[in-house]
Amino acid sequence: MAKSKNHTGNNQVYKNHRNGIKKTRRPKKMSMQGMNCKFVRNQAFAKRGMNCTPEEKEQRLAAQKEAQKKMEEKKVQERAIRLKELEAEKEAPKSKK
């Protein structure tokens, strides 16, 4: 008995091209499925927090600038303290002799 034919792609290319082979459409919004749910939730709250009136925006900017000034002053003080400590460490071996 002869073996039977298992496969043929005879008419498939013609059938595929009759309506054209189209590229898939890209989604307008990225899917959140499979993402870390904690991140997705936080992202949503952050987006809502960004919505504010111009007055609130000015207040936020002012608060940010004040906080930045405080941090810079703190940095300068810490650096001065660190320099004093380094000077004291340099002086310590000299005083022992």
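Quantities reported herein were computed from a predicted structural model and do not represent experimental measurements. (Residues numbered from 1 in each chain as written. Predicted model: local features only at pLDDT ≥ 70, side-chain atom pairs only at ≥ 80, totals over all residues. Heavy atoms only, no water.)

Points about the overall build of the protein
Step number 1: Summing up its helical and strand segments, the protein has three helices and zero strands in all.
Step number 2: Counting helices and strands in the order they occur from the N terminus, the protein gives α-α-α.
Step number 3: Relative to the globule expectation of 13 Å for 97 residues, the C-alpha radius of gyration of the protein, 34 Å, shows a markedly less compact shape.
Step number 4: Projected onto its principal axes, the C-alpha coordinates of the protein cover approximately 110 × 55 × 25 Å. (Helix = DSSP H or I, 4+ residues; strand = E, 2+ residues; numbered from the N terminus. Rg over C-alpha atoms; globule rule 2.2 N^0.38 Å.)

Some points on the confidence of the model for the protein
Step number 1: On average, the protein scores 92 in pLDDT, and the residues at 70 or more come to 98%.
Step number 2: Predicted confidence in the protein is weakest over helix H3 (residues 54–96), with a mean pLDDT of 92, and strongest over helix H1 (residues 12–18), with 95. (pLDDT = per-residue confidence, 0-100.)

Quick notes on the environment of Gly 9
Step number 1: In this fold, Gly 9 is placed in the segment before H1.
Step number 2: For the pair Gly 9 and Lys 47, spaced 38 residues apart in sequence, the C-alpha to C-alpha distance is 52 Å.

Focus: helix H2 (residues 37–50)
Step number 1: Taking 1.5 Å of rise per residue, 14 residues should cover 20 Å, and H2 covers 20 Å from first to last C-alpha, within 8% of that figure.
Step number 2: Measuring from the side-chain oxygen of the N-cap residue of H2 to the backbone nitrogen of Lys 38 gives 3.2 Å; that N-cap residue is Asn 36. (Expected span 1.5 Å × (residues − 1). Polar contact = N/O pair within 3.5 Å; in protein donor to acceptor, adjacent residues only side chain to side chain.)

Examining the pattern of salt bridges
Step number 1: Under the definition given, this model contains one salt bridge.
Step number 2: Here Arg 82 and Glu 85 are joined by a salt bridge, their closest N and O atoms 3.7 Å apart. Of this pair, Arg 82 and Glu 85 both sit in helix H3, three residues apart, which is roughly one turn of that helix.
Step number 3: Classification of Arg 82 by relative accessible area gives partly exposed; the value is 44%. (Salt bridge = Lys/Arg side-chain N within 4 Å of Asp/Glu carboxyl O. Buried < 20%, exposed > 50% of the residue type's maximum accessible area, 1.4 Å probe, protein only.)

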